[in-house]
Amino acid sequence: MDDITYVGLDVDKATVCVAVAESGRGGEVRQVGVFQNRPEILCKMAAKLGRGGRRLSFSYEAGPCGYGLHRLLTACGHSCVVVAPSLIPMKSGDRVKTDRRDAMMLAKLHRAGELTAIWIPDATHEAIRDLVRARATAGRVLSKARQHLQGFLLRHDRIYRGARAWTQAYWRWLTTVRFEHPAQQIVLQDYIHAVEDAEARRDRLTRQIEEMLPSWSMAPVVAALQAMRGVALVVAVTVVAEVGDFRRFANARQLMAYLGLVPSEHSSGSTIRRSGITKAGNTLVRRVLIEGAWTYRMTARVSRKLHDRLEPLSPVIRGIAWKAQVRLCARYRRLAASGKPKVVVTTAIAREMVGFIWAIACIAS
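Residues numbered from 1 in each chain as written. Predicted model: local features only at pLDDT ≥ 70, side-chain atom pairs only at ≥ 80, totals over all residues. Heavy atoms only, no water.

A. Examining unusual backbone geometry more closely. Positive phi outside glycine occurs at W166, with the angle close to 65°. Turning to its location among the elements, W166 is positioned in the loop between α4 (123–155) and α5 (168–174). Within the chain, K279 stands out as a residue other than glycine whose phi angle is a positive 55°. By the secondary structure assignment, K279 is in the loop between β7 (274–277) and α10 (283–293). Overall, the relative accessible area of 57% leaves K279 in the exposed class. (Helix = DSSP H or I, 4+ residues; strand = E, 2+ residues; numbered from the N terminus. Buried < 20%, exposed > 50% of the residue type's maximum accessible area, 1.4 Å probe, protein only.)

B. Spatial organisation of the packing of α4 against helix α6 (residues 182–212). Axis separation between α4 and α6 bottoms out at 9 Å; the angle between their running directions is 160°. One finds that α4 runs roughly antiparallel with respect to α6. For the pair α4 and α6, the crossing hand works out as left-handed. A class-by-class count of the residues in the contact of α4 with α6 yields 21 nonpolar, 5 polar and 5 charged. (Axes fitted to C-alpha atoms, helices over the stretch in contact; angles between N-to-C directions. Parallel < 35°, antiparallel > 145°, perpendicular 65-115°, else oblique. Left-handed = near helix turned anticlockwise from the far one by under 90°. Nonpolar A, V, L, I, M, F, W, Y, C, P; charged D, E, K, R; others polar.)

C. View of the sheet that holds strand β4 (residues 55–61). As summarised here, the arrangement of the 5 strands in space is β3-β2-β1-β4-β5, forming an open sheet in which the pairing is mixed. For this open sheet the edge positions go to β3 (29–36) and β5 (79–83), each flanked by a neighbour on one side alone. Taken over all neighbouring pairs, the strand axes of this sheet differ in orientation by 25° on average, direction set aside. Looking at chain direction, strand β2 (residues 15–21) and β3 are connected through 7 bridges and run antiparallel. Bridged to A21 within β3 is V29. Running over the sheet, helix α2 (residues 68–75) touches β1 (4–11), β4 and β5 and is turned about 165° from β5. (Pairing = 2+ DSSP bridges. Contact = heavy atoms within 4.5 Å.)

And the structure:
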């Protein structure tokens, strides 16, 4: 350990600011320089720092530049960690932030072992994750397009009286809506086209996920998670793509905390203050799990679709899934009967879902 040189990198789109911290508690910390963010230049920089057989350990913050730098440095034979920005220790009185200071701080904290590394997906896993996130974006665009259409209709007192919107009956009703001014009819049709285009994009990306899934190494985990009620294909792929390796969590509680589904707390002495969930970690996974938790408001049963998903799975996984359904349906009714708000109930159910998901994923991995 004594011969390791710790290198902090402040990564930008065009440049990388480099600082080093020599090994030892009193080792020198200095800035090396600012380099263009190009692979050939960064490889030369790493080779220069590693002259004489010095071992290098790089660190940089996770951000929009992705994992390309990590893969580049590890391919060159160096150690590299990508750091969770929200978990970097910060001094409350520090009001100066520059690339040089950030790089030097990373180098010092890396030497002290105070940085929390994130899990790095391989190239295939990252590609599936990008596809899942693109579908999630398409879903948000579709939701916004529907809001625009319904808002326009509401402003002009065109209100659908049926039971549910976006059914075939609703689309037939849209064809009967008429406006006196041609401009408003054009606006209506444009909003309808926007919804149709957004739906087509979402469905197209969903089909791409279905086609890519069999060739993915995590496909067995995705299939196993679909044994859970409220966890169909899209939810299962989203959870697996975003979480990655479930075995890196020693227990289910760690995964719950990672997803921000545990209560926040600010306690001191005999005073205990707990409030809403922390909302730390991955927002997308937390959202799809809370949506899936709504299905537990009904009585525990195995529907036809769920039966088809369960059939190829092992008895152990089917047993865990049924145990989860019985427990969570009863817990939902109990919490709702106690007067808890529905949003609190579904969040509590989503948190317990994570425990069963962790157990199933560890078996299927």
